[in-house]
Amino acid sequence: MLKKAISILLVAGLFILCCSGYSGCSKKEDGSDSSILENGANNSPYASQSVDNENIGNGEEKNTETDSTTKNTIRQNPGSLKDIIGVTDLSNLPDYLEGSLEKYITIQADIEVYPEQNYSLYKAFLLEPKDICQQWISAFIPGKELATQNLSEPQNGDYNYQYNYQTIDNEYLILDTHKQQYRDLSNKVTSIYDDNSQPYHYIAFADDMGELTLRERFPKQELENFPKESAIQQVNEKIQALGISNLSQPRVYAMDVDSVNNWVNFIKNDPVLSQTGVPASWDRSQECYYIVYDCCVDGVKITHNQIQPPIVTNSYGTKLAVFINQNGIISFEATDFYQANATQQNISIISLENALKQFLENYKNTFAEESKTVTYISLQYVPKETTLSKNEFELHPTWIIAWHNTSDMDTSNDIEQYEYVDAITGKLMTFH
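A brief look at the structure comes next. All figures in this text were calculated on a predicted structure; none of them were measured in a lab. (Residues numbered from 1 in each chain as written. Predicted model: local features only at pLDDT ≥ 70, side-chain atom pairs only at ≥ 80, totals over all residues. Heavy atoms only, no water.)

Looking at helix α7 (residues 228-242)
Here's step 1: Taking 1.5 Å of rise per residue, 15 residues should cover 21 Å, and α7 covers 22 Å from first to last C-alpha, within 8% of that figure.
Here's step 2: Along α7, the positions that sit buried rather than exposed are Lys228, Ala231, Ile232, Val235, Ile239 and Leu242. Buried positions in α7, seen along its axis, are confined to an arc of 95 degrees and lie on one side of it. Those residues of α7 that are exposed and angled more than 90 degrees off the buried face are Glu229 and Gln240.
Here's step 3: In the core, the buried residues of α7 are packed alongside α3 (129-140), β9 (251-255), β10 (288-294), β13 (319-325) and β14 (328-335).
Here's step 4: Looking one or two residues beyond α7, the residue adopting positive phi is Gly243, at roughly 75 degrees. (Helix = DSSP H or I, 4+ residues; strand = E, 2+ residues; numbered from the N terminus. Expected span 1.5 Å × (residues − 1). Buried < 20%, exposed > 50% of the residue type's maximum accessible area, 1.4 Å probe, protein only. Arc of directions from axis to C-beta. Contact = heavy atoms within 4.5 Å.)

So this is what it looks like as structure tokens:
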């Protein structure tokens with residue numbers, strides 16, 4: 001958790017050129033063999049879930065609370081594996097899936113899809129600092145006196161630019177091809193902390209956490225002395241100044257004093273995490289918000305997961321993330337924002353049923369000690385590198401299947417892992 005350096009910066013901004021949305025559904029696939037999932041549904045210890053689903057339809061209440069990883073905060077249409085067999089219309093999928101693919105692969109997963117949109121294949125480029133630096137300067141350090149300035153152009157076939165600015169007040173603007181970030185280490189923002197680095201201990205924590213963990217660690221929606229809407233308004237003003245569009249609604253995490261100090265105590269008592277140092281506790285004046293936006297193309301999210309080789313050589317994941325306290329923005333960061341143009345529109349995609357068959361094929365010989373639990377499934381765009389030296393990518397509609405080693409869940413060893421199934425080809429893109 002504390003593996004990241006203290007200077008984690010978070011920031012925003014770039015254009016994504018998107019085509020207008022299309023309505024409609026995926027075409028039904030012919031000749032699919034559903035026997036694997038049929039057997040899984042029939043043999044599942046969760047097969048009785050289908051009875052619960054029928055009861056819900058008849059008006060009986062069921063606990064449908066879920067976390068921020070789901071598209072809807074309430075599970076309105078839970079289902080079992082048999083409910084996805086033969087289903088190719090995304091609007092007919094359940095929003096929560098429960099069952100077992102085989103003895104040691106359990107499904108307890110929220111499902112996020114975009115049935116109102118058709119999917120396309122996009123050619124994409126990361127925007128370069130030379131094209132956006134003036135917007136960032138105007139938005140964050142207009143007219144400020146610079147202490148240092150370093151502008152580095154690509155060399156030896158590398159496409160990565162690096163533009164660095166530091167003001168005499170200790171504000172930093174760091175722009176490269178994958179990441180654009182602003183951070184404020186001036187006395188104005190950091191005077192309420194013990195030292196200038198203090199806020200970045202917690203930025204490091206939050207940036208390493210998945211969405212479910214963040215919501216568990218920081219369950220409050222709003223701080224007592226700093227209204228959430230005020231924080232969002234300040235962030236949105238910067239987003240507009242940078243000309244950014246095509247963002248999701250923000251996910252807002254209130255880093256209140258009680259939650260932060262509980263997390264400090266957790267680190268203090270963890271024999272592994274405490275080895276890298278235990279940060280000081282906060283008081284109420286030091287509270288802040290962590291605000292995250294996903295980036296969309298044609299109304300569908302681009303994954304914010306950090307993609308690894310062989311899919312992409314370098315990746316931070318596509319998102320905009322901001323830390324802001326009552327004195328102003330601490331950190332504002334945009335990572336892996338793409339300029340995208342559709343090359344194939346309204347393409348057919350494989351069903352969730354077939355994506356899970358591909359996942360099962362990869363793990364069909366799982367042993368008891370390797371048992372896995374799938375917790376989240378989504379159909380999003382995933383970048384795939386085509387030419388590294390020329391900054392060329394394709395955005396593929398992809399089934400993302402998030403899973404955990406079951407024995408590690410709810411422990412400090414728990415790590416969310418992902419499989420990526422190309423929704424066009426049906427092939428596994430995943431790294432290991």
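Digging into the sheet that holds strand β7 (residues 171-176)
Here's step 1: Spatially, β5-β6-β7-β8-β14-β13-β10-β9 is the arrangement adopted by the eight strands of the open sheet, whose pairing is antiparallel. Each of the sheet's edge strands pairs with one partner strand only, and the pair in question is β5 (146-152) and β9. Ignoring strand direction, the axes of neighbouring strands in this sheet form an average angle of 10 degrees.
Here's step 2: Strand direction decides the pairing type here: β13 and β14, joined by seven bridges, are antiparallel. Across the sheet, the residue bridging to Leu320 is Ala334, located in β14. (Pairing = 2+ DSSP bridges. Axes fitted to C-alpha atoms, helices over the stretch in contact; angles between N-to-C directions.)

Observations regarding the pattern of salt bridges
Opposite charge on two side chains permits them to pair, given that their charged atoms come into close proximity.
Here's step 1: Inspection of every chain in the model, using the stated rule, returns ten salt bridges.
Here's step 2: For Asp131, the salt bridge is made with Lys130, and the minimal N-O distance between the two is 3.4 Å.
Here's step 3: Of the charged contacts, one joins Glu361 and Lys364 as a salt bridge, the two residues approaching to 3.0 Å between their closest N and O atoms.
Here's step 4: Assessed through its relative accessible area of 45%, Glu361 is described here as partly exposed.
Here's step 5: Judged by its relative accessible area of 42%, Lys364 is partly exposed. (Salt bridge = Lys/Arg side-chain N within 4 Å of Asp/Glu carboxyl O.)

As for the environment of Tyr420
Here's step 1: With respect to the element layout, Tyr420 can be found in strand β18 (residues 417-422).
Here's step 2: Of the residues examined, Tyr420 reaches a relative accessible area of 0% and is grouped as buried.
Here's step 3: On a C-alpha basis, the gap between Tyr420 and Val382 in space is 8.3 Å, while along the polypeptide they are 38 residues apart.
Here's step 4: A polar contact of 3.1 Å, which involves the side chain of Tyr420, links it to the side chain of Asn305. (Polar contact = N/O pair within 3.5 Å; in protein donor to acceptor, adjacent residues only side chain to side chain.)

Things to note about the pairing of β14
Here's step 1: Judged by how many residues are buried, β14 sits mostly within the fold: eight of eight residues are covered.
Here's step 2: Of the pairings in the sheet, the one linking strand β8 (residues 179-184) to β14 comprises five bridges and is antiparallel in character. Bridge pairing links Lys179 to Thr335 in β14.
Here's step 3: Connecting β13 to the next strand, β14, in antiparallel fashion are two residues.

Here's the deal with the side chain of Lys228
Here's step 1: Locating Lys228 in the fold gives a position in helix α7.
Here's step 2: Despite its burial, Lys228 remains without a salt bridge, the nearest opposite charge being carried by Glu229 at 5.0 Å.
Here's step 3: Filtering out sequence-adjacent residues up to four positions away, Lys228 remains in contact with Gln221, Glu222, Val252 and Tyr289. (Lys, Arg positive; Asp, Glu negative; His and termini not counted.)

Thoughts on the packing of aromatic side chains
Here's step 1: Scanning the model with the defined rule gives 14 aromatic pairs in all.
Here's step 2: For the ring pair Phe140 and Tyr182, a centre distance of 4.5 Å and an interplane angle of 20 degrees mean the geometry is stacked. Of this pair, Phe140 sits in helix α3 while Tyr182 sits in strand β8, and the two are 42 residues apart along the sequence.
Here's step 3: The class of Phe140 is buried, set by a relative accessible area of 6%.
Here's step 4: Judged by its relative accessible area of 5%, Tyr182 is buried.
Here's step 5: For the pair Phe359 and Tyr363, a centre-to-centre distance of 5.1 Å together with 55 degrees between the ring planes defines the contact as tilted.
Here's step 6: These aromatic residues form a ring-pair network of at least three members: Trp136, Phe140, Tyr182 and Phe332.
Here's step 7: Above the ring of Tyr172, the side-chain terminus of Arg183 is found at 4.7 Å from the ring centroid.
Here's step 8: In this arrangement the basic side chain of Arg217 is found over the ring face of Phe266, its NZ or CZ atom lying 4.3 Å from the centre. (Phe/Tyr/Trp six-rings, centres within 6.5 Å; stacked < 30°, edge-to-face > 60°. Lys NZ or Arg CZ within 6 Å of the ring centre and 35° of its normal.)

Some words on the pairing of strand β3 (residues 105-112)
Here's step 1: For β3, the buried fraction is high: seven of the eight residues fall into the buried class.
Here's step 2: By the bridge criterion, six bridges tie strand β2 (residues 96-102) to β3 in an arrangement that is antiparallel. By the bridge assignment for β3, Leu97 is matched with Ala109.
Here's step 3: The hairpin formed by β2 and β3 contains two residues between the paired strands.
Here's step 4: Relative to strand β16 (residues 372-387), β3 runs parallel, the two sharing six bridges. Counted as the bridge partner of Thr106 is Thr373 from β16.

Focus: the nonpolar core
Here's step 1: Core analysis: the biggest nonpolar cluster contains 51 residues, and Leu97, Leu352, Ile377, Leu395 and Trp399 have the highest contact counts within it.
Here's step 2: Going through the elements one at a time, β2, β3, β4 (121-126), β15 (338-344), α9 (352-362), β16, β17 (392-405) and β18 are the ones with two or more residues in this core.
Here's step 3: Broken down by element, the residue count for this core peaks at seven residues, all from β17.
Here's step 4: The residues touching Leu395, leaving out its near neighbours within four places in the chain, are Ser120, Leu121, Tyr122, Ala124, Val297, Ile302, Tyr338, Ala340, Tyr381, Val382 and Pro383.
Here's step 5: Residues Trp136, Ile141, Ile232 and Leu320 belong to the second largest nonpolar core, which totals 34 residues. (Core = buried A, V, L, I, M, F, W, Y, C linked by side-chain atoms within 4.5 Å.)

Brief notes about unusual backbone geometry
Here's step 1: The step from Pro309 to Pro310 runs through a cis peptide bond, and the omega angle for that step is 10 degrees.
Here's step 2: Along the chain, the position of Pro310 falls in the loop between β12 (300-301) and β13.
Here's step 3: The backbone of Asp336 shows a phi angle near 50 degrees, a positive value even though the residue is not glycine.
Here's step 4: With respect to the secondary-structure elements, Asp336 resides in the loop between β14 and β15.
Here's step 5: According to the relative accessible area criterion, Asp336 is buried, its value standing at 1%.

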